Amino acid sequence: MSFLVFLQTSIHAAVLFGSAVLSVWAAVLARSRRGVPGSPAFSWMMLAVALWSFTSAMHTLIDDREIRIVIAKFQYLGVAPIGALWLMFTSQYSRMAWPGDRLLRVAIWAVPVITLLLAFTNEDHYFYWSSIREVETAGGTRLEYRGGPWYWVHVGYSYFLILIGTLTLVRGLRRFPPPYRRQTALVIIGAIVPWVGNLVYLARVLPAGIDPTPLAFTVSGACLTYGIYRYRLFGLVLVPRH
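Residues numbered from 1 in each chain as written. Predicted model: local features only at pLDDT ≥ 70, side-chain atom pairs only at ≥ 80, totals over all residues. Heavy atoms only, no water.

With that out of the way, let us pick up the overall build of the chain. From N to C terminus, the chain includes eight helices and two strands. When the elements of the chain are put in sequence order from the N terminus, they spell out α-α-α-α-α-β-β-α-α-α. Within the chain, the fraction of its 242 residues that count as buried is 48%. (Helix = DSSP H or I, 4+ residues; strand = E, 2+ residues; numbered from the N terminus. Buried < 20%, exposed > 50% of the residue type's maximum accessible area, 1.4 Å probe, protein only.)

In this model, helix H5 (residues 102-120) (19 residues) spans 27 Å end to end at C-alpha, consistent with the 27 Å of a helix rising 1.5 Å per residue. At Ala 110, H5 is bent by approximately 35°, the largest bend along its length, and proline Pro 112 sits one to four residues beyond. Among the residues making up H5, those that are buried are Ile 108, Val 111, Pro 112, Thr 115, Leu 118 and Ala 119. (Expected span 1.5 Å × (residues − 1). Bend = angle between axes of the 7 residues up to and from the residue.)

We now examine unusual backbone geometry. Backbone geometry at Tyr 126 places phi at a positive 55°, although glycine is not the residue there. Mapping Tyr 126 onto the fold places it in the loop between H5 and strand S1 (129-137). Since its relative accessible area comes to 43%, Tyr 126 is described here as partly exposed.

Mapped onto the fold, Lys 73 is located in helix H3 (residues 65-79). Residues in contact with Lys 73, not counting those within four places in the same chain, are Ala 119, Phe 120, Glu 123 and Trp 129. (Contact = heavy atoms within 4.5 Å.)

Reading fine detail from the predicted coordinates is not recommended where pLDDT is low. The share of residues in the chain with pLDDT of 70 or more is 74%, and the mean pLDDT across the chain is 79. Ranking the helices and strands of the chain by mean pLDDT puts H3 first, with 93, and helix H8 (residues 213-230) last, with 68. Predicted confidence for residues 238-242 stays below pLDDT 50, and this span has four contacts to residues more than four positions away or in other chains. (pLDDT = per-residue confidence, 0-100.)

Another point: the nonpolar core. Across soluble globular proteins, you tend to see nonpolar side chains buried next to one another. One finds Tyr 128 and Trp 129 to be the most contacted residues of the largest nonpolar core, which totals 41 residues. The leading source of residues in this core is helix H4 (residues 82-93), at eight residues. In this view, Tyr 128 contacts Tyr 76, Thr 115, Leu 118, Ala 119, Asn 122, Arg 146, Gly 147, Gly 148, Trp 150, Tyr 151 and His 154; residues no more than four positions away in its chain are not counted. (Core = buried A, V, L, I, M, F, W, Y, C linked by side-chain atoms within 4.5 Å.)

In this section: the packing of H3 against H5. Relative orientation of the contacting elements H3 and H5 amounts to 175°, with a least axis distance of 9 Å. Relative to H5, H3 is oriented roughly antiparallel. For the pair formed by H3 and H5, the contact residues are Lys 73, Phe 74, Tyr 76 and Leu 77 on the first element and Thr 115, Leu 116, Ala 119 and Phe 120 on the second. Broken down by class, the residue content of the contact of H3 with H5 amounts to six nonpolar, one polar and one charged. (Axes fitted to C-alpha atoms, helices over the stretch in contact; angles between N-to-C directions. Parallel < 35°, antiparallel > 145°, perpendicular 65-115°, else oblique. Nonpolar A, V, L, I, M, F, W, Y, C, P; charged D, E, K, R; others polar.)

Right, let's talk about the pattern of salt bridges for a bit. Summed over the entire model, instances satisfying the criterion amount to four salt bridges. The salt bridge partner of Arg 146 is Glu 144, with a shortest N-O separation of 3.4 Å. A relative accessible area of 4% places Glu 144 in the buried class. Here the residues in one salt-bridge network are Arg 133, Glu 144 and Arg 146, joined through shared partners. (Salt bridge = Lys/Arg side-chain N within 4 Å of Asp/Glu carboxyl O.)

Moving on: the packing of H4 against H5. Look at H4 against H5: their axes get within 8 Å of each other, and the N-to-C directions meet at 155°. Accordingly, the angle class assigned to the pair H4 and H5 is roughly antiparallel. Contact with H4, carried on its side by Ala 84, Leu 85, Leu 87 and Met 88, involves Arg 105, Ile 108, Trp 109 and Pro 112 of H5 and no other residues of that element. Tallied by class, residues from the contact of H4 with H5 come to seven nonpolar, no polar and one charged.

See the structure below:
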């Protein structure tokens with residue numbers, strides 16, 4: 001490995017580790033406000049982001065192909081539930097009633113659970129990743145994961161949940177008081193940035209094997225953490241009135 005490739009890899013991994021630390025920090029802050037609607041789901045979501053970032057960093061640093069594939073599978077412990085957690089967070093934050101319905105909650109979690117099972121057993125069916133191959137890039141050897149049928153089901157489902165959750169927040173902007181509008185705007189920005197990064201990855205704009213999504217979560221985590229401190233994201237509770 002040349003010094004330039006080593007430097008690029010180290011910087012990439014350092015940013016991912018930084019994203020993981022920031023996400024854990026945001027999760028701890030939200031956890032300390034457990035009595036406020038949405039904070040538990042937000043906390044779990046940020047822990048999922050932290051795991052995604054951490055495993056991405058390890059995937060970048062390790063050269064062994066088989067170990068990288070194992071890391072990619074464990075990465076889905078963070079990737080698979082993010083869409084469902086986002087919907088839970090936005091719905092609870094917007095004071096919607098449906099999260100209290102047990103049957104609906106089970107239905108929403110069905111796709112993430114199936115995704116995890118298929119990712120961990122991929123070699124038996126190749127239904128999640130149709131192929132995994134090594135490619136040479138300017139940043140060294142990367143693994144390129146080609147999506148199988150269920151991969152695209154999971155991607156579409158996650159985008160659908162993110163869209164519904166974000167629209168829920170946008171709709172809530174009209175009825176929230178001014179302090180909440182600033183909070184919600186930060187949350188929406190924090191939601192959009194990572195999925196723009198994911199679209200870049202899916203469109204294969206960047207060299208093969210490079211996924212900017214975890215890096216985009218650094219920006220997302222910064223927006224949400226700033227919202228917690230600057231606008232007390234979980235520090236205000238709406239008082240129902242006629």
